[in-house]
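Tertiary structure, described
Each chain is listed here by its residues.
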Amino acid sequence: MSTRNAITASLALALMASCDGDPNSPGVEYMPDMYRSPAVEAYVDYGQDPYFRSEEFVRKQRNRPSARKPVEGTIAFSADPAKAQFNMPYPFPNTPEGYEAAGAQLKSPIVMTEATVDKGKAIYAKFCQHCHGDKGAGDGPVVNNGKYPPPGSYSGPLKDLPEGKIFHSLTYGRNVGMGPHASLLSKEERWMVTHYVQYLQNGEKMTRDAMAAAPPVNQ
Amino acid sequence: MLPRLFLPPDFRDLLPSNPLGMPLPACLSRRSIRSIRTAFALILSLSLSAAQAQPADAALYASGEKLFKGNCASCHKVDSKMTGPALRGAKVKWEGKGDLYAWVKNSQAYLKTGNELAVKIWDEYKPTIMTPVALTNEEIDAIFYYVDNWAPPVADTPKPPTGEPTDQGSNNWLWLLVLALLFLIVGLSLSGVKRSLANAVSEAEGKGTLPETSRMQRFRAWAWEHKVFMSFVGLFITVWVILKLWDAAWVIGVYGGDEVPHYKPEQPILFNHTLHAGKANKGNLAINCQYCHSSAEKSKHAGIPSVNVCMNCHKAVSTGRTEAGTKEIKKIHQHAGWDPEKGAFTGQEEPVRWVKVHNLPDHAYFSHATHVSVGKLECQECHGPIDEQMDVAEQWAPLTMKWCITCHNEREVKMAGNGYYDEVMARLNGDTILGHGELKKYLEDGKITVKELGGWECAKCHY
């Protein structure tokens, strides 16, 4: 009898020690309803049911993405008219004709100043530099280390690209190499990047044309 | 779960790494196989690079390479389709069928001549228009010379995976248990032997057999005889258990930090943070953290990128550096509904079910925007060396209240040029007559901490 006890005890000990914890389980949660509250939070896995409702409930929750697109046609509200203009829909379609039309008609609604170029530079460093390189020569680490198809240089093939085309490419992407960045950058930010690209196109000088505040078109 | 409660990691360190000196055949063989494989790959690559043909006209090849990379490479590859057709063999293909130079210089203008081959290519790749390029015929010749003589680089020798698979810890426990079991069996049989001997002696002395008692009864009798020793042992065990439970209670709900193994769940797509965000001088891509987690400076959440952000690059990249990488990229294509053969979206999308790693309880409010755009913290200050050491994301910081308020107490606020603190600074440096005199005490130590701006107010984080 006592021998069996001893064997049971050592087996239990073996079981306890052999499992090194499931790396996919975070571990003991202190008050699980605080981690998965009834108020919906982004990215929380609601597939774990802290209230033990039902299997059906868990399945439904699992298949409910928390990150979603806004309803089609929604226009964000802004009380500031200067900001509100950026929330209006973009008029040019994602076609070669739209690209040409944007190049001919689309002008920056904000005046290019040193402040916008500086902000554009900060955004460029986060969103463009890894492919286009520090000075836009198309020599970023993704191109150099990743064998990625290199973008044209701002002092080479893309030197005379008009601002409308720059903005259009940022919005919809260009060819296979460049992806659309409309979901990452607001329109205002895209214009600031455009300003910085123009600054690079012009050999790191403020462009004279842009300084002469062009009136906003189609915005 | 259990080890977190009963076997805190520091306990593991007390054990020798290989207590019995027993060989670990699995580890050894894995390592030797790897070295053999590496050596083999090295020999293969050396022999291939020796066999690789060198272009006859090196100068022409070099100038062609430069022109190709500057003017063509963003849309054309040598051997495979991208935005435009593959370029290898184009010169032969065009011979006698049309004017390749005019086609390259301005494809739309040349298309109007109605050339058969040009129309065929346009039908395949429209509506993307090739931008007219200002190149001379000699330059175009150089480009095609480069393209026709280009050889794909020999695959790099497979990089040995960083870090040996460490299952040493669990092995130790296994060996210890085997040892304990052996001792138990030996002990039990010895006690049986001892008892039979005692019986035999007692019978030989003519006292008859010993009274039939169970082991437990004998143990009790022995313990009663050694009261003092047994009470010390009992006290020791009780205190040890209480201390361990106390320690374990401290790390309930803590999934990061120095005291517990970091929470590192397996994700549906094995995204490699080091490869994408690591330093460029180590051969990584050095993409800024905020390219993918772009809402970190605008929102409470840093944001998990949606697959369209992955597809910004992975439309053009369908093969990884390793086969395992290619497999993971295929998964992205499946989720995004991208057909790499046709180069088009199929429209059959499926959400990726990422596993949330950092899970802050709902009673604490945290905003990434505040810490990133106002506090100007680097991601790595809270998330650890995610760009250098963590192939897989894990919870680095403990996210306990102690951790939060320790930083709030020590951290100096970056006031200058921030914009957010101009008013605060104006008042701190303001006129004593306006009743701001008592604020001067905050400037005495020469720095303003988060705590001094209210970073320790309960309602800042709990409301």
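It should be emphasised that the depicted structure is a prediction, and the values quoted were computed from it without experimental measurement.

The rules behind the values
All residue numbers refer to positions counted from 1 along the written sequence of the respective chain. Each chain gets a letter, beginning with A, and each ligand a number, beginning with 1, in the order they are written. Reporting of local features is limited, given that this is a predicted model, to residues whose pLDDT is at least 70; pairs of side-chain atoms are given and counted only at 80 or more, and all residues count toward the totals for whole chains, interfaces and linings. The helix and strand labels rest on DSSP assignments: H or I over at least four residues marks a helix, E over at least two residues marks a strand, and numbering proceeds from the N terminus. Residue burial here comes from a neighbour count, namely the number of other C-beta atoms, placed from the backbone, that lie within 10 Å of the residue's own C-beta, with 20 or more meaning buried, 12 or fewer meaning exposed, and in between meaning partly exposed. With C-beta atoms placed from the backbone, a contact is any residue pair whose C-beta atoms sit within 7 Å. Axis definition: a line fit to C-alpha positions, over the contact stretch in the case of helices; interaxial angles, taken between N-to-C directions, run 0 to 180 degrees. Convention used here: angles under 35 degrees read as roughly parallel, angles over 145 as roughly antiparallel, angles from 65 to 115 as roughly perpendicular, and any remaining angle as oblique. Here the nonpolar group is Ala, Val, Leu, Ile, Met, Phe, Trp, Tyr, Cys and Pro; Asp, Glu, Lys and Arg are the charged ones; every other residue, Gly included, is treated as polar. A set of buried Ala, Val, Leu, Ile, Met, Phe, Trp, Tyr and Cys residues, joined to one another through C-beta atoms within 7 Å, is what we call a nonpolar core. pLDDT measures how confident the predictor is about each residue, on a scale from 0 to 100. Multiplying 1.5 Å by the helix residue count minus one yields the expected span of that helix.

**Concerning the overall build of chain B**
The helix and strand inventory of chain B stands at 21 helices and two strands. By the burial criterion, 17% of the 463 residues in chain B qualify as buried. Considering only residue pairs separated by 6 or more positions, chain B has 60% of its internal contacts joining residues 24 or more positions apart.

**Here we look at the packing of helix α4 (residues 58-72) of chain B against helix α9 (residues 137-149) of chain B**
Residues and elements named next belong to chain B. For the pair α4 and α9, interaxial distance at closest approach is 7 Å and the crossing angle is 100°. The angle between the axes of α4 and α9 places the two elements in the roughly perpendicular class. For the pair formed by α4 and α9, the contact residues are L60, Y61, S63, G64, E65, L67, F68 and C72 on the first element and E139, A142, I143, Y145, Y146, V147 and N149 on the second. Here the contact of α4 with α9 is built from residues that sort into ten nonpolar, three polar and two charged.

**Some remarks on the environment of Q108 of chain B**
Residue and element names in this part refer to chain B. With respect to the helices, strands and loops of the structure, Q108 is situated in helix α7 (residues 107-111). Residue class for Q108 comes out partly exposed when judged on the 13 C-beta atoms lying within 10 Å of it. When the C-alpha atoms of Q108 and P132 are compared, they prove to be 8.1 Å apart, with 24 residues separating the residues in sequence.

**Points about unusual backbone geometry**
One non-glycine residue, N175 of chain A, lies in positive phi territory at about 55°. By the secondary structure assignment, N175 of chain A is in the loop between α9 (163-172) and α10 (187-201). The phi dihedral of L399 of chain B is positive, around 60°, even though this residue is not glycine.

**Comments concerning the nonpolar core**
Nonpolar side chains in soluble globular proteins tend to end up buried together. The biggest cluster of nonpolar side chains holds 44 residues, and the ones touching the most others in it are V193 and Y196 of chain A. Within the residue set of this core, elements represented by two or more residues are α5 (96-105), α6 (114-127), α8 (141-146), α9 and α10 of chain A together with α13 (273-277), α14 (289-292) and α15 (307-314) of chain B. Per-element tally for this core: the top contributor is α10 of chain A, with seven residues. With sequence-adjacent residues up to four places away left out, Y196 of chain A is seen in contact with V117, G120, K121 and Y124 of chain A. Counting 16 residues, the second largest nonpolar core, distinct from the first, contains C72, L87, F144 and Y146 of chain B.

**Things to note about the confidence of the model for chain B**
All names here are of chain B. Across chain B, the average pLDDT comes to 79, with 83% of residues at or above 70. Note on residues 1-33: pLDDT under 50 across the span, and 31 contacts to partners over four residues away in sequence or across chains. Low pLDDT, under 50, characterises residues 47-53; the predicted model gives this stretch four contacts beyond four residues in sequence or across chains. The complex model carries a pTM of 0.70, and its ipTM stands at 0.82.

**Considering helix α12 (residues 227-250) of chain B**
With 24 residues, α12 of chain B should cover 34 Å at 1.5 Å per step; its first-to-last C-alpha distance of 35 Å lies within 8% of that length. The buried fraction of α12 of chain B is low, at zero of 24 residues.

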